[in-house]
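# Understanding the architecture of this molecule
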Amino acid sequence: MLKVTILGCGGSGGVPQIGGEDGGGWWGACDPTNPLNQRTRSSVLVEGGGGGRLLVDTGPDLRTQLLACRVAAVDAVLFTHDHADHVMGLDEVRILNRIIGRPLEAFGTERTLSILKQRFDYAFLPSTAPVFYRPAVEPVRLRAGDAVAIAGHQVQTFLQDHAVMETLGFRIGRFAYSTDLVRLPAESLAYLHGLDTWVVGCFQRRPHKVHANLDQVLEWVEMLRPRRTILTHMSPDLDHGWMQANLPPGVEAAHDGMVLTLD
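A quick note: this is a predicted structure, and the numbers were derived from the prediction, not measured.

## Focus on the pattern of salt bridges
- Applying the stated criterion across every chain yields a total of 10 salt bridges.
- Here Glu110 ties to Arg141 by a salt bridge, and the two come within 3.0 Å at their closest N and O atoms. Of this pair, Glu110 sits in helix H4 (residues 110-119) while Arg141 is found in strand S6 (residues 137-141), placing the two residues 31 residues apart along the sequence.
- Using a relative accessible area of 47% as the deciding quantity, one classes Glu110 as partly exposed.
- The salt bridge involving Arg227 is made with Asp196; its shortest N-O contact spans 2.7 Å. Linking Arg227 in the loop between helix H6 (214-224) and strand S12 (228-232) with Asp196 in the loop between helix H5 (186-189) and strand S11 (197-201), this pair joins segments that are 31 residues apart in sequence.
- When its relative accessible area of 52% is taken as the criterion, Arg227 is described as exposed.

## So, H4
- Those residues of H4 that sit buried are Thr112, Leu113, Ile115 and Leu116. All buried residues of H4 fall inside an arc of 160° around its axis, so they share one side.
- Where H4 is buried, its residues contact helix H2 (84-87), strand S5 (104-108) and S6.

## Quick word on the sheet that holds strand S4 (residues 76-78)
- As summarised here, the arrangement of the seven strands in space is S6-S5-S4-S3-S2-S1-S14, forming an open sheet in which the pairing is mixed. Of all the strands in the sheet, just S6 and strand S14 (259-262) have a single pairing partner and so form its edges. Each strand of the sheet is rotated relative to its neighbour by a mean of 20°, with strand direction disregarded.
- The sheet contact formed by strand S1 (residues 2-8) and strand S2 (residues 43-48) spans six bridges and is antiparallel. Note that in S2 the partner of Leu2 across the bridge is Gly48.

## Section: the packing of aromatic side chains
- Tallied over the entire structure, the rule returns five aromatic pairs.
- When the ring of Phe158 is compared with that of Tyr191, the centres are 6.2 Å apart and the planes differ by 20°; the resulting orientation is stacked. Placement of Phe158 in strand S8 (residues 153-161) and of Tyr191 in the loop between H5 and S11 is noted, with a sequence separation of 33 residues between them.
- We classify Tyr191 as partly exposed; its relative accessible area is 31%.
- Relative to Trp220, the ring of Trp198 has its centre 6.2 Å away and its plane inclined at 50°; by these criteria the two rings are tilted.

## Observations concerning the nonpolar core
- Residues Trp198 and Leu231 are the most contacted members of the largest nonpolar core, which totals 49 residues.
- Among the elements that take part in this core, H6 stands out by supplying five residues, more than any other.
- When residues no more than four places from it in sequence are discounted, the contact partners of Leu231 are Val200, Cys202, Leu214, Val217, Met243, Leu247, Val251, Glu252, Ala253 and Ala254.
- Of all hydrophobic cores here, the second largest spans 21 residues; its members include Leu45, Val77, Leu104 and Ala106.

## Remarks on the pairing of S12
- With four of its five residues buried, S12 lies for the most part within the structure.
- Since S11 and S12 lie parallel, the crossover through H6 that links them has a hand, and here it is right-handed.
- Two strands pair when backbone bridges link them, and S12 and strand S13 (residues 251-253) are joined in this way by three bridges, in the parallel orientation. By the bridge assignment for S13, Thr229 is matched with Val251.

## Quick word on the side chain of Arg41
- By the element assignment, Arg41 lies in the loop between S1 and S2.
- There is a polar contact of 2.9 Å between the side chain of Arg41 and the backbone oxygen of Ser12.
- With near-sequence residues (within four places) excluded, Arg41 lies in contact with Gly8, Cys9, Gly10, Gly11, Ser12, Gly13, Gly14, Pro60, Asp61, Gln65 and Asp85.

## Describing the UniProt feature "domain: Metallo-beta-lactamase" (unreviewed entry) in the protein
- Residues annotated by UniProt as "domain: Metallo-beta-lactamase" (unreviewed entry) correspond here to residues 40-214.
- Split by type, residues 40-214 is 19% helix and 31% strand. Its first and last C-alpha atoms lie 20 Å apart.

Conventions adopted
Residues numbered from 1 in each chain as written. Predicted model: local features only at pLDDT ≥ 70, side-chain atom pairs only at ≥ 80, totals over all residues. Heavy atoms only, no water. Salt bridge = Lys/Arg side-chain N within 4 Å of Asp/Glu carboxyl O. Helix = DSSP H or I, 4+ residues; strand = E, 2+ residues; numbered from the N terminus. Buried < 20%, exposed > 50% of the residue type's maximum accessible area, 1.4 Å probe, protein only. Arc of directions from axis to C-beta. Contact = heavy atoms within 4.5 Å. Pairing = 2+ DSSP bridges. Axes fitted to C-alpha atoms, helices over the stretch in contact; angles between N-to-C directions. Phe/Tyr/Trp six-rings, centres within 6.5 Å; stacked < 30°, edge-to-face > 60°. Core = buried A, V, L, I, M, F, W, Y, C linked by side-chain atoms within 4.5 Å. Right-handed = clockwise from strand over helix to strand, strands pointing away. Polar contact = N/O pair within 3.5 Å; in protein donor to acceptor, adjacent residues only side chain to side chain. UniProt positions renumbered as here; feature names shortened; annotations may be inferred.

Quick look at the structure:
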C-alpha cells in the first residue's frame, strides 16, 4: 500500500502570511479559527508500496513538517524545481544524513541541481561520513519524461509549465503529484490518465500568471477523471471550509499532515 503524507500545502508565503494589521498574520479569505487553514510550504513524503521514504522538495518549513508528521528518516529527495519555497530547507538534510549514515540522493533536472549547487555549494562537497556537520547530497540528474527508480519507487516524471520556468511532476503507480504549474503540455497530460489520486497545485480562485486557478484545475479533473483530487499549494484566497462546501464530488482541499493511502 502506498502512503502519501502532505507535509505542507501552502503557497510560497504560507497561510497565514507575514503581516496583518496587528502583525499576527494575514489570513485573506481563510478562517483563522480553523486549524486546517494553517499551511506550511508545499511538500510531500511518499512511502510504502515496496519502496522507501521519498521526500519531495525541501522547503523552509521542513524541520517543523518532519517533526509534526513524525517522520523518522528519509531515503531520497526529488526536487520539482528550484524556487525558494521548495528548496530553502536543504540544510535540514544534515540531520537526515546522520540518521541514515550516508549522503542523500537528490534527484532533479540539470537546472535545478545547478541552482542548488550555487546556493548550497557545501552540501555537494565530498561526504564527511560517518560524522555529518553539514548536509550531504549526491546529485542525480534527470530530464522531464524520464522513468527512474528512486528509493525503490518506479517514478515517471513529466514536464509542467510554470510560466517563468519548467517544473517536474511525477507519477508512481496510480498516484501523481503536480505543483507549481499553470499549463500542462499534451504529452504530460498523457501520463495523468487512469489515476486513483492526483495531488495538484491550485493557488486561488481568480486567474494567475504562473499558477493554476480553481476553474483551470476543475477543467483538468473533468478531462482526466481521477478518482480523487487533492488541492495543494493554496494561497490565503482558498478557505478550507468554503472548499469543502463548494468543491464537486471527488475534489477536496489538502491540509498539513493529511495522509493518503492507495492500494
